[in-house]
Amino acid sequence: MISMTYNIALLRGDGIGPEIVDSAVRVLEAVGEKFGHEFKFTPYLIGGAAIDECGEPLPKETVDGCLASDSVLLGAVGGPKWDNLSGEKRPEKALLGIRAALGLFTNLRPAKLYPALKGDCPLREDIASGGFDIMIVRELTGGIYFGDRGYRTGKYGEEAYDTECYSRFEIERISRVAFETAKKRRGKVTSIDKANVLETSRLWRKTIHEIEKEYEGVTCTDMLVDNAAMQLVRNPSQFDVIVTSNMFGDILSDEASQLTGSIGMLPSASLGDNTRGMYEPIHGSAPDIAGKGIANPIATILSAAMMLRYSFSLMDEADCIEAAVDKVLNDGLRTADIIGDSGATPLSTTEMTDAIIARL
Ligand code: NAD
């Protein structure tokens, strides 16, 4: 086995951020020991913690440190202490800044319903019973959120407009991520658009099928976004990889995440042109439970597993973490947010982390 050293920038952030990032670090250290890799961690300030220390949410040292790292693990930022600051100075501003600095144009968001947690799924039992495992690939730096916008005077007086624009280059780039991702999974891509109305969607559809020809063994079908919103609640298990634009991905990934029951379970990855990515749970800093030691660390631990898979190509190591999470859930262990009707005694953040490490 080849032993490698990986340099990971740690952005603990605010609220429960430090607690859950430290859990993920312990899991990575245990995996490193088991498989013979060294993970080196360097902490940098971000969000409210950075405002308190240096007066700005994203210090240059943090950006430079992340750029010099092999990958970035982020907790969460924000909290009531900084809520009254103006836009530019808010902790959340750091997230956009660091994504832009690292050139992250893809957001990968898995929505997986663990059979052990199917009681938490809001869907009917016959739909939820088989579980589902979807990977949403969302374009992150183009489309209507970044297009030309403004106010003007129109036929009815004051009006506002936002513009959806996608280049062939941007569509090709995100298509390749989707096909590469599908190759590592069940080989099925569903491309979601609104090609019956939007010109950008017609270019999207044409381009993605051109790229599809480069990928043997992966299939790609199209689905209109309105139908996709229905299909996600009607039959989520039909999906493997979903690829879609920035705005459709924003909406559908939130819809899909709710189907899994708990926000404390869901990881995410943001990727760019190189193997360096940024990995973070989808939830926020949970100020209501910060410092109590009861946060669910699983979303961050699974984010670390995604880092192993997508940045370092350590597939067995990633599988090992994901299997350990499966095992704790199957063994009936729960943090407070995923108790549901299980009757389990809630574990603390540390106890859940220990239980996962014991099952690696
Ligand atoms: P939140 O996700 O922090 O919390 C929503 C609810 O889920 C809370 O009741 C919280 O206790 C619970 N929760 C979240 N993560 C949990 C976990 N791991 N274990 C157990 N319970 C968990 O959302 P919010 O309350 O709307 O936002 C709080 C702060 O986080 C705000 O300042 C917001 O701007 C910020 N935020 C940051 C990010 C990020 O850093 N990426 C994302 C969303 C929100």
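I will try to describe carefully the structure that is included in this document.

About the criteria used
- Residues numbered from 1 in each chain as written.
- Predicted model: local features only at pLDDT ≥ 70, side-chain atom pairs only at ≥ 80, totals over all residues.
- Heavy atoms only, no water.
- Salt bridge = Lys/Arg side-chain N within 4 Å of Asp/Glu carboxyl O.
- Helix = DSSP H or I, 4+ residues; strand = E, 2+ residues; numbered from the N terminus.
- Buried < 20%, exposed > 50% of the residue type's maximum accessible area, 1.4 Å probe, protein only.
- Near = heavy atom within 4 Å.
- Polar contact = N/O pair within 3.5 Å; in protein donor to acceptor, adjacent residues only side chain to side chain.
- Areas by Shrake-Rupley, 256 points an atom, 1.4 Å probe, with all protein chains shown as cover.
- Nonpolar A, V, L, I, M, F, W, Y, C, P; charged D, E, K, R; others polar.
- Pairing = 2+ DSSP bridges.
- Right-handed = clockwise from strand over helix to strand, strands pointing away.
- Contact = heavy atoms within 4.5 Å.
- 1 Å grid on protein atoms, 1.4 Å probe; cavity = no way out; pocket = protein on both sides within 12 Å on 5 of 7 lines; lining within 4 Å.
- Points joined across faces, edges and corners; volume = space filled by probe spheres on them.
- Phe/Tyr/Trp six-rings, centres within 6.5 Å; stacked < 30°, edge-to-face > 60°.
- Disulfide = S-S within 2.5 Å.
- Arc of directions from axis to C-beta.
- Expected span 1.5 Å × (residues − 1).
- Axes fitted to C-alpha atoms, helices over the stretch in contact; angles between N-to-C directions.
- Parallel < 35°, antiparallel > 145°, perpendicular 65-115°, else oblique.
- Left-handed = near helix turned anticlockwise from the far one by under 90°.

Looking at the pattern of salt bridges
Counting across every chain of the model gives 24 salt bridges. The residue Glu210 makes a salt bridge to Arg168 at a minimum N-O spacing of 2.7 Å. Of this pair, Glu210 sits in helix 7 (residues 199–212) while Arg168 sits in helix 6 (residues 168–183); the two residues are 42 residues apart in sequence, bridging distant segments of the chain. For the salt bridge of Arg309 with Glu322, the shortest nitrogen-to-oxygen distance reads 2.7 Å. Linking Arg309 in helix 10 (residues 298–310) with Glu322 in helix 11 (residues 315–330), this pair joins segments that are 13 residues apart in sequence. Overall, Glu322 belongs to the partly exposed group, its relative accessible area being 24%.

Let's talk about the site of the ligand
Taken together, 20 residues form the shell around the ligand, and within it Val77, Glu92, Gly284, Ala286 and Asp288 come nearest. Glu92 is positioned such that a nitrogen or oxygen atom in its side chain is 2.4 Å from an oxygen atom of the ligand. Within the side chain of Asp288, a nitrogen or oxygen atom sits 2.8 Å from an oxygen atom of the ligand. Taking 810 Å² as the accessible area of the ligand by itself, protein coverage stands at 68%. In terms of residue class, the shell around the ligand is made up of nine nonpolar, seven polar and four charged.

Regarding the pairing of strand 2 (residues 38–44)
In the sheet, strand 1 (residues 5–13) pairs with strand 2 via seven bridges, with the strands oriented parallel. By the bridge assignment, Tyr6 is partnered in strand 2 with Phe39. Viewed along the sheet, the connection from strand 1 through helix 1 (residues 17–35) into strand 2 turns out right-handed.

Points about the environment of Glu322
Residues Glu322 and Thr260, 62 residues apart in the sequence, show an inter-C-alpha distance of 16 Å. Here Glu322 is in contact with Leu302, Ala305 and Arg309, once residues within four sequence places are set aside.

Structural notes on empty space enclosed by the protein
Summed over all chains, the structure comprises one cavity of 30 Å³ or more. What the largest cavity holds in volume is close to 40 Å³. At the level of secondary structure, the elements contributing two or more residues to the lining of the largest cavity comprise strand 8 (188–193) and helix 7. With three residues, the top contributor of residues to the lining of the largest cavity is helix 7. Of the residues in the lining of the largest cavity, the class split is four nonpolar, three polar and two charged.

With respect to the packing of aromatic side chains
Applying the stated criterion across every chain, the model contains four aromatic pairs. The interplanar angle of 70 degrees and the centroid separation of 5.5 Å between the aromatic rings of Tyr166 and Trp204 together place this pair among those described as edge-to-face. With Tyr166 in the loop between strand 7 (157–162) and helix 6 and Trp204 in helix 7, this residue pair connects regions lying 38 residues apart in the sequence. Given the relative accessible area of 5%, Tyr166 is considered buried. On the basis of relative accessibility, which here comes to 3%, the residue Trp204 falls in the buried class.

Notes on the layout of surface pockets
Approximately 610 Å³ is the volume found for the largest pocket. The wall of the largest pocket is formed by 31 residues, among which Leu95, Arg99, Arg138, Leu140 and Glu280 lie closest to the centre. Among the elements that line the lining of the largest pocket, the one with the most residues is helix 9 (residues 246–259), at five residues. Along the lines of polarity and charge, the residues of the lining of the largest pocket split into 13 nonpolar, eleven polar and seven charged.

Details of the state of the cysteines
This model, assessed by the stated rule, comprises zero disulfides. Free cysteine Cys54: the closest other cysteine sulfur is in Cys66, separated by 13 Å. Owing to a relative accessible area of 39%, Cys54 belongs among the partly exposed residues under this scheme.

Things to note about the side chain of Ser245
Residue position: Ser245 is located in the loop between strand 10 (241–244) and helix 9. Of the residues examined, Ser245 reaches a relative accessible area of 5% and is grouped as buried. Setting aside residues no more than four positions away along its own chain, Ser245 makes contact with Arg138, Glu139, Glu164, Tyr166 and Trp204.

A short note on helix 3 (residues 60–67)
Residues of helix 3 that are buried include every one of Thr62, Val63, Gly65 and Cys66, and no others. The buried residues of helix 3 all sit within an arc of 165 degrees when viewed along its axis, so they share a single face. Exposed side chains of helix 3 directed beyond 90 degrees from the buried face belong to Lys60 and Glu61. Along its buried surface, helix 3 packs onto strand 1, strand 2, strand 3 (71–76) and helix 4 (93–101).

A closer look at helix 10
Given 3.6 residues per helical turn, the α-helix brings residues three or four places apart onto the same face. An ideal rise of 1.5 Å per residue puts 18 Å on 13 residues; helix 10 measures up with 18 Å between its terminal C-alpha atoms. Of all 13 residues that make up helix 10, 13 are buried, and the element is covered over most of its length.

Considering the packing of helix 1 against helix 12 (residues 349–358)
Their axes nearest at 10 Å, the elements helix 1 and helix 12 cross at an angle of 20 degrees. One finds that helix 1 runs roughly parallel with respect to helix 12. Here helix 1 and helix 12 pass one another in a crossing that is right-handed. Each of Glu19, Ser23, Arg26, Val27 and Ala30 in helix 1 lies in contact with helix 12, whose residues at this interface are Thr349, Thr350, Thr353, Asp354, Ile356 and Ile357.

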